[in-house]
Amino acid sequence: MSTPLPDPQVAGTRPSVLAPMQDVTTTGFMRVIGRREGPDWFVTEYFRVHESSTPEKHIVDSLLNHGTGRPVFAQLIGEDTPHMVRTIKLLQKYPIAGIDLNMGCPAPKVYRKNVGGGLLRDPAKIDELLGVMRAETPGRFTVKMRIGFEDQRHFDAILALVAKHQVDLLTVHGRTVKGLYWSEVDYAAITHAVKSVPCPVIANGDVTSSAKAQRLLAETGAWGMMMGRHAIRNPWVFQQWRAVQQGREPFAPTLGDVRQYIQEIAEECCDQAMAVDRQAGRLKKFLNFIGLSIDTEGRFLFEMRRTETMSDLLKCCDAHLLGARTTERYPEEPHRGLIARPTRETQQGCEL
Ligand SMILES: Cc1cc2nc3c(=O)[nH]c(=O)nc-3n(C[C@H](O)[C@H](O)[C@H](O)COP(=O)(O)O)c2cc1C
């Protein structure tokens with residue numbers, strides 16, 4: 001008998017999940033998000049699986065020390081079945097909510113090895129992998145996938161394999177691998193997945209706010225939502241969506257609350273042992289997203305990108321978020337026309 005899926009924090013609401021994000025979904029970030037009535041559950045950054053791999057220590061740490069009280073699924077990326085089985089067994093000694101398979105990472109260095117998004121070209125390999133992983137996973141076995149590699153030619157075949165191997169939960173990011181992170185999300189394809197598999201589906205891709213989550217739930221029939229980059233921008237989105245579902249007034253953060261959030265990221269996610277310019281570089285990766293809702297002209301983004309040390313960066317945050325603006329409301333949606341300008345995403349796919 002399969003293990004029931006985790007319960008949402010509030011009975012009767014639809015589940016929200018923080019997207020696994022390499023270098024973002026770390027122990028520190030999970031703690032920061034968890035203090036703001038975060039998602040119903042988490043998925044780790046992926047554990048890389050190959051013949052000489054052992055579970056990465058910093059990801060194991062996120063399983064052990066996130067301190068949120070919420071379940072955490074361990075995500076694996078790989079294709080070598082004996083080593084996937086070995087890793088599933090190794091992970092059983094940690095407090096995991098289940099095992100999740102990554103079938104979406106679009107980084108060329110990843111998909112060229114036929115793992116992550118690369119698997120979507122090979123339904124026969126998926127058949128083998130899902131069969132073995134299902135058989136060897138004692139509890140919940142879940143899959144996170146994109147809708148195809150360059151198009152949807154194998155989508156139906158893969159959805160049939162998800163059904164065949166009794167996957168417990170399917171998350172669909174409604175883009176192809178070639179669509180990276182910016183192509184339009186195909187919500188009709190998510191609706192199609194919902195109708196095609198017997199397990200619940202979590203919809204993912206550009207869920208910007210509680211209002212959009214509500215709309216997409218109605219449109220796609222998905223069971224719940226996974227949010228990534230917009231949860232970096234707005235860590236209150238999970239509690240806001242929960243409140244909206246319950247007919248309560250959602251929490252309305254101020255720019256002062258945002259300044260406090262940034263302080264916690266600086267303390268929890270920017271390793272104090274790093275050189276100050278590298279600490280600042282790390283914080284900027286988060287601020288690239290947060291800055292999308294701070295001012296309409298992108299002045300904050302412009303100025304913060306030009307600072308060099310952590311202390312100048314935090315002063316820049318003070319100048320834009322405190323003083324006369326402290327009580328100003330932080331909008332739920334990003335301002336139109338601003339872009340996060342991720343630095344290495346184009347080449348690396350899964351890095352900020
Ligand atoms: C910086 C970054 C790192 C990511 N790392 C992973 C990962 O380790 N595993 C995974 O399945 N997806 C990863 N993703 C994809 C996200 O989980 C998510 O599917 C994608 O960002 C779309 O959701 P969003 O529009 O809410 O951000 C990553 C995305 C970003 C931006």
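Residues numbered from 1 in each chain as written. Predicted model: local features only at pLDDT ≥ 70, side-chain atom pairs only at ≥ 80, totals over all residues.

Caption draft 1: Highlighting the overall build of the chain. Along the chain, the regular secondary structure elements total 15 helices and eight strands. In terms of overall dimensions, the chain is globule-like: its C-alpha atoms have a radius of gyration of 20 Å, near the 20 Å expected for 352 residues. For the chain, the C-alpha atoms occupy an extent of roughly 60 × 45 × 35 Å along the three principal directions. Each of the 352 residues in the chain was classed as buried or not, and the buried ones make up 48%. (Helix = DSSP H or I, 4+ residues; strand = E, 2+ residues; numbered from the N terminus. Rg over C-alpha atoms; globule rule 2.2 N^0.38 Å. Buried ≥ 20, exposed ≤ 12 C-beta atoms within 10 Å, placed from the backbone.)

Caption draft 2: Spotlight on unusual backbone geometry. Notably, Glu37 is not glycine yet its phi reads approximately 50°, a positive angle. Relative to the helices and strands, Glu37 is located in the loop between α1 (27-34) and β2 (41-48). Note on Glu37: 17 C-beta atoms within 10 Å, which makes it partly exposed. Positive phi, close to 50°, is recorded for Gln166, a residue that is not glycine. Checked against the element boundaries, Gln166 lands in the loop between α6 (155-164) and β6 (169-176).

Caption draft 3: A look at helix α5 (residues 123-136). For α5, which comprises 14 residues, the first-to-last C-alpha distance of 20 Å matches the rise-based estimate of 20 Å (1.5 Å per residue) to within 8%. For α5, the set of buried residues is Ile126, Leu129, Leu130 and Met133. The buried residues of α5 occupy one face: seen down the axis, they fall within an arc of 100°. Pointing more than 90 degrees away from the buried face of α5 are the exposed residues Ala124 and Ala135. (Expected span 1.5 Å × (residues − 1). Arc of directions from axis to C-beta.)

Caption draft 4: A look at the site of the ligand. Around the ligand, 25 residues are found, and the nearest of them are Ala19, Pro20, Met21, Gly228 and Arg229. Split by residue class, the shell around the ligand holds eleven nonpolar, nine polar and five charged. (Near = placed C-beta within 6 Å. Nonpolar A, V, L, I, M, F, W, Y, C, P; charged D, E, K, R; others polar.)

Caption draft 5: Here's a closer look at the environment of Tyr330. Topologically, Tyr330 is positioned in the loop between α14 (310-321) and α15 (345-348). Along the backbone, Tyr330 and Arg36 are 294 residues apart, and their C-alpha atoms lie at a distance of 15 Å. Non-local contacts of Tyr330, meaning those with residues more than four positions away in its chain, are made with Pro253, Thr254, Leu255, Asp257, Val258 and Ser293. (Contact = placed C-beta atoms within 7 Å.)

Caption draft 6: How the structure looks around the sheet that holds β6. Taken in spatial order, the eight strands close into a barrel running β1-β2-β3-β4-β5-β6-β7-β8, and their pairing is parallel. Neighbouring strand axes in the sheet, compared pairwise and without regard to direction, differ in orientation by 25° on average. Pairing of strand β1 (residues 16-18) with β2, which is carried by two bridges, proceeds in the parallel orientation. Following the sheet pairing, Val17 is matched in β2 by Trp41. (Pairing = 2+ DSSP bridges. Axes fitted to C-alpha atoms, helices over the stretch in contact; angles between N-to-C directions.)

Caption draft 7: Layout of the domain arrangement of the chain. If you check the domain split of the chain, you get domain 1 (16-245) and domain 2 (255-348). Taken over C-alpha atoms, the centre of domain 1 sits 27 Å from the centre of domain 2. Of the residues lining the interface, 16 residues belong to domain 1; the matching set on domain 2 comes to 15 residues. Where the side of domain 1 that touches domain 2 is concerned, the elements lending two or more residues are α1 and α9 (229-233). The residue inventory of the side of domain 1 that touches domain 2, partitioned by class, reads six nonpolar, seven polar and three charged. (Domains from an automatic or database assignment.)

Caption draft 8: Up close: the pairing of β2. Burial runs high along β2: seven of the eight residues are buried. Pairing of β2 with strand β3 (residues 72-77) involves five bridges; the strand directions are parallel. In the strand pairing of β3, Phe42 is matched with Val72. Regarding the hand of the β-α-β motif, the stretch spanning β2, helix α2 (residues 57-65) and β3 is right-handed. (Right-handed = clockwise from strand over helix to strand, strands pointing away.)

Caption draft 9: Broad picture of the packing of helix α8 (residues 210-220) against helix α10 (residues 237-245). Two numbers describe how α8 lies on α10: the axes approach to 8 Å, and their chain directions differ by 55°. Judged by the angle between their axes, α8 and α10 are oblique. You can see that α8 and α10 cross each other, and the crossing is right-handed. Listed contacts from α10 to Ser210, Ala213 and Gln214 of α8 are Val237, Gln240, Trp241 and Val244. For the contact of α8 with α10, the per-class residue count stands at four nonpolar, three polar and no charged. (Parallel < 35°, antiparallel > 145°, perpendicular 65-115°, else oblique. Left-handed = near helix turned anticlockwise from the far one by under 90°.)

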